[in-house]
2 protein chains.
Amino acid sequence: MCTGADHTIHRARHHFGWDKAIAPVMHVEPGARLSFECLDAACGHFTPQSTVADVATLASDTINPVTGPVFVDGAEPGDALKVTIEAFEPSGFGWTANIPGFGLLADQFPDPALHLWRYDVAGRVPALFGANARVPLKPFAGTIGVAPAAPGRHSVVPPRRVGGNLDIRDLAAGTTLYLPVEVAGALFSIGDTHAAQGDGEVCGTAIESAMTVALKLDLVKQAGLSMPRFTTPGPVTRHLDGAGYEVTTGVGPDLQEGARTALAGMIELIAREHGLAPVDAYMLCSVCGDLRISEIVDAPNWVVSFYFPRAVFA
Amino acid sequence: MCTGADHTIHRARHHFGWDKAIAPVMHVEPGARLSFECLDAACGHFTPQSTVADVATLASDTINPVTGPVFVDGAEPGDALKVTIEAFEPSGFGWTANIPGFGLLADQFPDPALHLWRYDVAGRVPALFGANARVPLKPFAGTIGVAPAAPGRHSVVPPRRVGGNLDIRDLAAGTTLYLPVEVAGALFSIGDTHAAQGDGEVCGTAIESAMTVALKLDLVKQAGLSMPRFTTPGPVTRHLDGAGYEVTTGVGPDLQEGARTALAGMIELIAREHGLAPVDAYMLCSVCGDLRISEIVDAPNWVVSFYFPRAVFA
């Protein structure tokens, strides 16, 4: 990866869960440019030869490895770590699974499913799903964060105010992310790289894929930041919005139920119109469809909408 | 309005609330092309001479007038009404208010506020807010729906599965909307037109503005539709996404609280960076910023993000 990185953090230097007691793999000065080799969220469990039977043997104690942690000299609680995300070098192999018990419609999709992807590492050619669906690519890191102040080991699954498993689709190349620092040195780690995902990550997985990430770490002293925030240098949906969207809605007093209703409506629509099995439509929605809150003020009913890009079937 | 409409429904033919007992103003065949004159959501209460004192005298029984209802011959419960939204003819005057007790952060913004807009009716020039903010325009109808089957009068404020006050930003020209029909003739009405709004309509109002809407009504017999859905013919954010976004997040176990946290973070950010009063930043967020659900699967914490288009201050 021709990024001019000062250091490479190799994939062997990964950890599971967040714990400020984990020894840093490296100390760097603010301004350091680093290259992180990231394992995929299943830690290499799936290969091009995998079958759906392999979903059942996923080990829960080795999910979402993150590469790091890196100690940033001078970082103190109250600062913000400024992460400039520069480039991704994707591996070209990925997987998407329906994992029983996990995902927004886990109750409706109890059986495991697995889709394996071979995709263009340059990202110029959408990735084929089934016979007709073409998913535009936009690599990003699903898990990116710093260590929480609370002692002990914390599950990697939930994101927190210090970041972590944010699964924000737009933390792509060019984006600048600010994370609240809670411990000395910040203790930055990254992993769970995705080749594509929609807002929501509705089935629980994206195009999960090992890749290398180049980024720069800086400090903003005493930033007073309460939650992660980021800046994108340009549009975030132009890789897939050209043909417009099919949109389903969920109208009601609970945003979570509204999201479930909107998603279920889209699965039904695209399964019927494009001859997909419902679980395949569910996984396809997860890698390219977006959950948006259309209105949140007309009490007692809110509107959550699910946007599916028509370019996928164009 | 040169739309080739078969009929015009004048603004005097409006009603307040939904009630299947309201007599139709017109009967039309499927395929009819109609032009609806829509009053603004305050029924003409605000004028270019209004001041913030006029917010206190808003009458609660004359909000959100809708023009109609139109009886579509042959429409029966179980059908879908297909509404092809063809064109808007905006009035050029609009208002945005913080109305005490209404809006996502009503507890934090108890005092009334009012912003009056003069905007380009052709929509080519963004509308100025304060000294520096320029809001791109995209007219749409906030309230669009058909009569519910349940007898009696129903408040216009909450949207329902038959549509109504959906406040969906992308119900703009070119969009095709499908609404579940619950009563004979469907009884279609439309109003609450907006010159611009972000996803969420977070302060409770958009650029509220009277305008005329041209549309076509068709039927899909026995469509089996459970909630409104729509199709957009092209991208939905290119009028404002060119310079990218500032994004704040709310991470936690409740989507509503996450939305409040993300919005409060954005208000603080743009108020500080651009010298706006917080209530002005709140109203500005409402007319151009978007609430998105970034992830909804990493239990127990979800991520709601607020996207503010940087083009507004570019």
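Residues numbered from 1 in each chain as written. Chains lettered and ligands numbered in written order. Predicted model: local features only at pLDDT ≥ 70, side-chain atom pairs only at ≥ 80, totals over all residues. Heavy atoms only, no water.

**Q** Describe the packing of helix 1 (residues 255–274) of chain A against helix 2 (residues 278–288) of chain A, with residues and values.
**A** In a packed pair of helices, the relevant descriptors are the angle between the two axes and the axis-to-axis distance. All names here are of chain A. Relative orientation of the contacting elements helix 1 and helix 2 amounts to 120°, with a least axis distance of 9 Å. One element, helix 1, and the other, helix 2, form an angle in the oblique class. Seen along the crossing, helix 1 lies across helix 2 with a hand that is right-handed. Contact residues: Leu263, Met266, Ile267, Ile270 and Ala271 in helix 1; Pro278, Ala281, Tyr282, Leu284 and Cys285 in helix 2. (Axes fitted to C-alpha atoms, helices over the stretch in contact; angles between N-to-C directions. Helix = DSSP H or I, 4+ residues; strand = E, 2+ residues; numbered from the N terminus. Parallel < 35°, antiparallel > 145°, perpendicular 65-115°, else oblique. Left-handed = near helix turned anticlockwise from the far one by under 90°. Contact = heavy atoms within 4.5 Å.)

**Q** Residues and numbers for the relation of the copies chain B and chain A, please.
**A** Rotating chain B by 180° and translating it 0.0 Å along the rotation axis places it on chain A, where the RMSD comes to 0.0 Å. As the rotation angle and translation indicate, the two copies are arranged about a two-fold axis. Across chain B, the rotation axis passes nearest the C-alpha of B:Arg292, at a separation of 2.2 Å. Interface overlap between copies: 100% of the residues of chain B at the interface are likewise at the interface in chain A, consistent with a symmetric, same-surface contact. (Least-squares fit on C-alpha atoms with pLDDT ≥ 70 in both.)

**Q** Which residues make up the pattern of salt bridges, and what values do they have?
**A** As enumerated under the stated definition, the model contains 34 salt bridges over all chains in all. Ionic pairing is found between A:Glu86 and A:Arg33, a salt bridge with its closest N-O pair at 2.9 Å. Here A:Glu86, found in strand 6 (residues 80–90), pairs with A:Arg33, found in strand 4 (residues 32–38); they are 53 residues apart in sequence, far enough to count as distant. Using a relative accessible area of 28% as the deciding quantity, one classes A:Glu86 as partly exposed. Residue A:Arg33 is classed as partly exposed on the basis of its relative accessible area, which comes to 29%. Between B:Asp218 and B:Lys216 there is a salt bridge, and its shortest N-O distance comes to 3.0 Å. The exposure class assigned to B:Asp218 is buried, which follows from its relative accessible area of 16%. Connected through salt bridges with shared partners, the residues A:Lys138, A:Arg169, A:Asp170, A:Asp199, A:Asp290 and A:Arg292 form a single ionic network. (Salt bridge = Lys/Arg side-chain N within 4 Å of Asp/Glu carboxyl O. Buried < 20%, exposed > 50% of the residue type's maximum accessible area, 1.4 Å probe, protein only.)

**Q** Describe the packing of aromatic side chains, listing the residues and the values that go with them.
**A** Residues and elements named next belong to chain A. Going through the model one piece at a time under the given rule, you end up with 14 aromatic pairs over all chains. Arranged with centres 5.5 Å apart and planes meeting at 40°, the rings of tryptophan 117 and phenylalanine 129 form a pair that is tilted. Residue tryptophan 117 is found in strand 8 (residues 113–118), and its partner phenylalanine 129 is found in strand 9 (residues 127–129); the two are separated by 12 residues along the sequence. Pair check on accessibility: tryptophan 117 and phenylalanine 129 agree, each one buried. Considering the side-chain rings of phenylalanine 308 and phenylalanine 313, the 5.9 Å spacing of their centres and the 25° angle between planes classify their relative orientation as stacked. (Phe/Tyr/Trp six-rings, centres within 6.5 Å; stacked < 30°, edge-to-face > 60°.)

**Q** Tell me about the pairing of strand 7 (residues 93–98) of chain B, and name the residues and values.
**A** Residue and element names in this part refer to chain B. Here strand 7 lies mainly inside the structure; 6 of its 6 residues are buried. Here strand 7 shows no split at all, with Phe93, Trp95 and Ala97 on one side and Gly94, Thr96 and Asn98 on the other all buried. Examined bridge by bridge, strand 7 and strand 8 (residues 113–118) share 6 bridges and lie antiparallel to one another. Bridge assignment links threonine 96 to a residue of strand 8, and that residue is histidine 115. (Pairing = 2+ DSSP bridges.)

Everything listed is a geometric property; what it means functionally is a separate question.
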